[in-house]
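As a plain string of letters, each chain reads:
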Amino acid sequence: MRLASTRDSRLHVVVDDVAVDVTDALDLPTGPGGPLLTFLERGGDLGAISALDLDTLPSRPLAALDLDAPIARPGKIVGAPVNYLDHKAEMGEQRTIADYGVFLKASSSVIGPGADVRLPYRDVRTDQEGELAVVIGRTASRVPVAEALDHVFGYAPLLDITVRSGEDRSTRKSFDTFTPFGPWVTTADEVGDPGELELRCWVGGELRQETSTRELVYDVAELVAYTSHVMTLFPGDVIATGTPAGVGPIKPGQRIVVEISRLGRLEVGVSDEGAIDYDSRPGPR
């Protein structure tokens, strides 16, 4: 099942090229996190959706939807640094996620399909990082690897945009617009093995990243289990599983596309509206 949210806080089931609005049928109130987050916080019962007669509900062509991020404000976004060995080599890193652990990104950095990534600085490189996102469906606290996937609701493409400055990862990756996410969440039952997905990322029409999730250092189950031993994961939390080699600078006017097999294609733009020089940022020097 593919579940998409729109900017008017409606939840849709995507069937081929048609989107069926299930918001009223599920009695989902609007909230800052969006209707899918409300659905997950209520238990995320897919059976309740399967029981609906979709043919009797309002529908529109998928192309007519004004899509938002599937979850506009996750409770938290967890990042996995250096979780592909080819990215480790590319960045000249000596360590991987096994040494670094995970980090947090601000939930206010989320945007949806078609929006623009806004570059914060005119004179500091900002990179794209295409990633697989994991959406948590059940509360997970200190779960073993063998049970970790039972706590996953679904998956989606995600971009972890990163400024290459000297601050901590959570700062460099938490600017507004730095977590494009979508176009929808594909439920885990439909995806199958998350270790058999193909990821590609283009910038300005150039293919920069191409990998399989088989190449993850910590696979999805290991990453969920490890993270749940650090912090309790709640329904609607998002884990960005890390990026492969091929990260590079993005520039105003470019389009960034990340596509993952069985999950869809996320596309956003790049803008320098409001960008400043790095030395002009607030605070003493």
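As shown above, the structure is provided for reference.
Residues numbered from 1 in each chain as written. Predicted model: local features only at pLDDT ≥ 70, side-chain atom pairs only at ≥ 80, totals over all residues. Heavy atoms only, no water.

## Examining the pattern of salt bridges
Piece 1. Per the counting criterion, the structure on display carries 20 salt bridges.
Piece 2. The salt bridge involving aspartate 66 is made with arginine 7; its shortest N-O contact spans 3.0 Å. With aspartate 66 in the loop between β4 (59-61) and β5 (77-79) and arginine 7 in the loop between β1 (2-5) and β2 (11-15), the pair connects residues that are 59 residues apart, well separated along the chain.
Piece 3. Classification of aspartate 66 as partly exposed rests on a relative accessible area of 45%.
Piece 4. Two residues, arginine 10 and aspartate 24, come together in a salt bridge whose shortest N-O distance is 3.0 Å. Pair noted here: arginine 10 is in the loop between β1 and β2 and aspartate 24 is in the loop between β3 (18-21) and α1 (35-41), with a separation of 14 residues, a long-range link. (Salt bridge = Lys/Arg side-chain N within 4 Å of Asp/Glu carboxyl O. Helix = DSSP H or I, 4+ residues; strand = E, 2+ residues; numbered from the N terminus. Buried < 20%, exposed > 50% of the residue type's maximum accessible area, 1.4 Å probe, protein only.)

## What about the pairing of strand β15 (residues 198-203)?
Piece 1. Burial along β15 is one-sided: the face carrying Leu199, Cys201 and Val203 is buried and the face carrying Glu198, Arg200 and Trp202 is not.
Piece 2. Note: β15 against strand β16 (residues 206-212), six bridges, orientation antiparallel. Within the sheet, the bridge partner assigned to glutamate 198 lies in β16 and is serine 212.
Piece 3. Taken together, β15 and the strand that follows it, β16, pair antiparallel across an intervening segment of two residues, in which glycine 204 is found at a positive phi of about 60°.
Piece 4. The sheet contact formed by β15 and strand β19 (residues 255-260) spans five bridges and is antiparallel. Paired with tryptophan 202 across the strands is valine 257, a residue of β19. (Pairing = 2+ DSSP bridges.)

## Focus: the sheet that holds strand β9 (residues 126-128)
Piece 1. What the three strands build is an open sheet, ordered β12-β9-β18; its pairing is antiparallel. Edge strands, defined here as strands with exactly one partner in the open sheet, are β12 (162-163) and β18 (248-249).
Piece 2. As defined by bridge partners, β9 adjoins β12 across two bridges and the pair is classed as antiparallel. Across the sheet, residue threonine 126 finds its bridge partner in β12, namely valine 163.

## A look at the nonpolar core
Piece 1. Val224 and Ile256 are the most contacted members of the largest nonpolar core, which totals 45 residues.
Piece 2. Of all the elements in the fold, those that place two or more residues in this core are β10 (130-136), β11 (152-159), β15, α8 (220-230), β19 and β20 (264-271).
Piece 3. When residues of this core are assigned to their parent elements, the largest contribution, five residues, is made by α8.
Piece 4. For isoleucine 256, the residues in contact, after removing those within four places along its chain, are Gln128, Leu159, Ile161, Cys201, Trp202, Val203, Ile250, Leu266, Glu267, Val268 and Val270.
Piece 5. Membership of the second largest hydrophobic core comes to 26 residues, among which are Leu3, Leu40, Val135 and Phe181. (Core = buried A, V, L, I, M, F, W, Y, C linked by side-chain atoms within 4.5 Å. Contact = heavy atoms within 4.5 Å.)

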